[in-house]
Structures are given as structure tokens and as C-alpha cells.
Amino acid sequence: MPPTIDRDKCNGCSKCVDACQCDVFFGSEVGEVPVITYPDECWHCNACVLACPHEGAIKLRIALPLMILFREKTGVE
């Protein structure tokens, strides 16, 4: 599943766009809610969720086989 963005919580900072290794958010503009252009390219690495400074603005449903690689965002850096 590709990431989902809560439009009410997102401020358009584009940190998720910069963090994405797969260019899932291609063509997204700074200051606007990112567009998920290539959802099938998502590697479920969770980088966009970890980069987002707004709690709950991006959610990523991890497929069961990928759960062994999943790292949940915590308050500890």
C-alpha cells in the first residue's frame, strides 16, 4: 500500500518528498500537499513517515511480509 496523506494535518513542507528514495511523490510542489504520483514504486521503507514533522500526517500500511523491516517512529532520535 502506498502512503496516505491527511490533508488537514499536512502543511506542505515537502520533507516526505525529499526523504522518498523511490520518487513516489514526483512532481509535488513545496507548500502544497504532496501528490502520490507513483504508488506502485513505494518500497514501504517508512522514510516519508519518519521525516514528517507532523504527527499522523502520513500513514503507511505495511504489508505483512515487510513487517520484519518496519521501524515505527518514536520520540527518541
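Everything below is about the structure printed above this text.
Within every chain, residues take consecutive numbers counted from 1 along the sequence as written. With the structure being a predicted model, the display of local features is reserved for residues of pLDDT at least 70 and the display and counting of side-chain atom pairs for 80 or more, all residues being used for whole-chain, interface and lining totals. For the side-chain quantities, the full set of heavy atoms in the structure was used; hydrogens and water were omitted.

Caption draft 1: Molecular detail of the overall build of the protein. Each helix corresponds to a stretch of at least 4 residues labelled H or I by DSSP, and each strand to a stretch of at least 2 residues labelled E; elements are numbered beginning at the N terminus. Scanning the protein from terminus to terminus reveals 2 helices and 2 strands. Traced from its N-terminal end to its C-terminal end, the protein shows the element sequence β-α-α-β. The classification of residues rests on relative accessible area computed with a 1.4 Å probe and restricted to protein chains. Under 20% of the type maximum is buried, over 50% is exposed, and intermediate values are partly exposed. In the protein, which comprises 77 residues, the share counted as buried stands at 31%. Taking as baseline every contact in the protein between residues at least 6 positions apart, the subset at least 24 positions apart corresponds to 47%. In the form shown here, the protein has an accessible surface area of approximately 5,400 Å², with 54% of it arising from carbon and sulfur atoms. Contacts are assigned to residue pairs with any non-hydrogen atoms lying within 4.5 Å of each other. In these tables, accessible area is a Shrake-Rupley quantity obtained with a 1.4 Å probe, and a residue counts as shielded only by the protein chains included in the view.

Caption draft 2: Quick peek at the nonpolar core. Among buried residues, those of type Ala, Val, Leu, Ile, Met, Phe, Trp, Tyr and Cys that are joined through side-chain atoms within 4.5 Å constitute a nonpolar core. Core analysis: the biggest nonpolar cluster contains 16 residues, and Cys16, Val24, Phe25, Cys48 and Ile58 have the highest contact counts within it. Among the elements of the structure, helix H1 (15–19) and helix H2 (47–51) are those that each provide at least two residues to this core. Leave out the neighbours within four places in its chain, and Cys48 touches Pro3, Cys16, Ala19, Phe25 and Ile58.

Caption draft 3: Quick look at the packing of aromatic side chains. Under the pairing criterion, centres of Phe, Tyr and Trp rings, with the six-membered ring standing for Trp, must be within 6.5 Å; the plane angle then separates stacked pairs below 30 degrees from edge-to-face pairs above 60, leaving the rest tilted. Throughout the structure, instances matching the rule amount to 1 aromatic pair. Here the aromatic rings of Phe26 and Tyr38 are separated by 6.1 Å at their centres, their planes lie at 40 degrees, and the arrangement is tilted. Within this pair, whereas Phe26 is found in the loop between H1 and H2, its partner Tyr38 is found in the loop between H1 and H2, the two being separated by 12 residues in sequence. On the accessibility criterion, Phe26 (47% relative accessible area) is partly exposed.

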